[in-house]
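# Overview (structure and organization)
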Amino acid sequence: MEDRPGPAGHYFDRVPAVASRRRTVTLTLPDLTMELQADRGVFAADGIDPGTKLLLLDGSRPSHHARTLLDLGCGYGAIALALATRAPEATVWAVDVNERALGLCAENAASHGFDGRVRIAAPDDVPPDVTFDGIWSNPPIRIGKPALHALLTGWLDRLVPGGHAELVVHKHLGADSLARWLDAAGWSVERTGSRMGYRILQVTGR
Ligand SMILES: C[S@@+](CC[C@H](N)C(=O)[O-])C[C@H]1O[C@@H](n2cnc3c(N)ncnc32)[C@H](O)[C@@H]1O
């Protein structure tokens, strides 16, 4: 669970304060292995986050017919690129506020041949009429509850009818209270996985 603010800022700062120090990390799943560029000032700079890996291992996979998917808070793109691999027809939006993360995600998408199909964007740059068959996210819990709730409300309401979101959250970071809040706000929430302290929450549209 690497979700803590460092002394030199947060992983969700628009422009990270810490100097760049690139490294290559490897995403290894049963169906794919990818080397990805990571960097300081970006979430999981030292290696794929265990929650992210669990989401990709234990969470549901996108439908083969999915057309438009979202990795909300993409970081350097581990989830977005796994989705693009698993849903070969889909356009995958990879959205983040951290400009260094967006740059890395663009580079990683290009080096794996996904430029064009993985659309890297700051939140306000996603056209308002784009809706999603599915949303996958290791969400930015550290931004605080009011901001997180506003973030999730805005994006979950862009699920198509019948679409669903898959969220991974550590129980010590409030997974169960987040599930209760989602439920109270009118979404259907199912805990489809629980391992190593992480919950996988499957959320369907309201
Ligand atoms: C827990 S990290 C997950 C990163 C990446 N998906 C991964 O699994 O390694 C959450 C990400 O959400 C981003 N984020 C924070 N606030 C955001 C916002 N308002 N809109 C989109 N992304 C945001 C952060 O910059 C961070 O990269």
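Since the structure is predicted, the reported quantities are computational estimates derived from the model, not experimental observations. (Residues numbered from 1 in each chain as written. Predicted model: local features only at pLDDT ≥ 70, side-chain atom pairs only at ≥ 80, totals over all residues.)

### Some words on the overall build of the protein chain
The secondary structure content of the protein chain amounts to five helices and nine strands. Mapped in sequence order, the helices and strands of the protein chain form the string β-β-α-β-α-β-α-β-β-α-β-α-β-β. Since a compact globule built from 206 residues should have a radius of gyration of about 17 Å, the 16 Å found for the protein chain is in line with a globular shape. Projecting the C-alpha coordinates of the protein chain onto the three principal axes gives extents of approximately 45 × 40 × 35 Å. By residue count, 40% of the 206 residues in the protein chain fall in the buried class. Considering only contacts in the protein chain between residues 6 or more positions apart, those separated by 24 or more positions represent 67%. (Helix = DSSP H or I, 4+ residues; strand = E, 2+ residues; numbered from the N terminus. Rg over C-alpha atoms; globule rule 2.2 N^0.38 Å. Buried ≥ 20, exposed ≤ 12 C-beta atoms within 10 Å, placed from the backbone. Contact = placed C-beta atoms within 7 Å.)

### Section: the site of the ligand
The ligand sits among 22 residues. The nearest are Phe12, Thr52, Gly73, Gly75 and Pro140. In the shell around the ligand, the residues fall into 14 nonpolar, five polar and three charged. (Near = placed C-beta within 6 Å. Nonpolar A, V, L, I, M, F, W, Y, C, P; charged D, E, K, R; others polar.)

### Details of the confidence of the model for the protein chain
Caution applies to low-pLDDT regions: their predicted coordinates should not be interpreted in detail. Confidence in the prediction for the protein chain averages 94 pLDDT; 96% of positions are at 70 or higher. In the model, residues 1–5 has pLDDT below 50 throughout and makes 11 contacts with residues more than four positions away in sequence or in other chains. (pLDDT = per-residue confidence, 0-100.)

### Some thoughts on the environment of Phe43
For Phe43, the location among the structural elements is in the loop between strand 2 (32–38) and helix 1 (50–58). Residue classification places Phe43 among the buried positions, given that 23 C-beta atoms sit within 10 Å. Remark: the alpha-carbon pair of Phe43 and Phe12, spanning 31 residues in sequence, is separated by 7.9 Å.

### A look at unusual backbone geometry
In terms of backbone geometry, most residues other than glycine have negative phi values and most peptide bonds are trans. Unlike most non-glycine residues, Ala44 shows phi in positive territory, near 60°. A positive phi angle, near 55°, is found at Met196, a position not held by glycine.

### A few points about the packing of helix 1 against helix 2 (residues 78–86)
To describe two helices that pack against each other, one gives the angle between their axes and the distance between the axes. Where helix 1 meets helix 2, the closest approach of the two axes is 10 Å, and the angle between their N-to-C directions is 15°. The orientation of helix 1 with respect to helix 2, classified from their angle, is roughly parallel. As helix 1 packs across helix 2, the resulting crossing turns out to be right-handed. Together, Thr52, Leu55 and Leu56 of helix 1 and Ala78, Ile79 and Ala82 of helix 2 make up the contact between the two elements. For the contact of helix 1 with helix 2, the per-class residue count stands at five nonpolar, one polar and no charged. (Axes fitted to C-alpha atoms, helices over the stretch in contact; angles between N-to-C directions. Parallel < 35°, antiparallel > 145°, perpendicular 65-115°, else oblique. Left-handed = near helix turned anticlockwise from the far one by under 90°.)

### Digging into helix 5 (residues 175–184)
Buried within helix 5 we find Ala175, Leu178 and Leu182. For helix 5, the angular spread of the buried residues around the axis is 60°, confining them to a single face. In helix 5, the exposed positions that point more than 90 degrees away from the buried face belong to Asp176, Ser177, Arg180 and Ala184. On the buried face of helix 5, the contacting elements are strand 7 (159–170), strand 8 (188–195) and strand 9 (198–204). (Arc of directions from axis to C-beta.)

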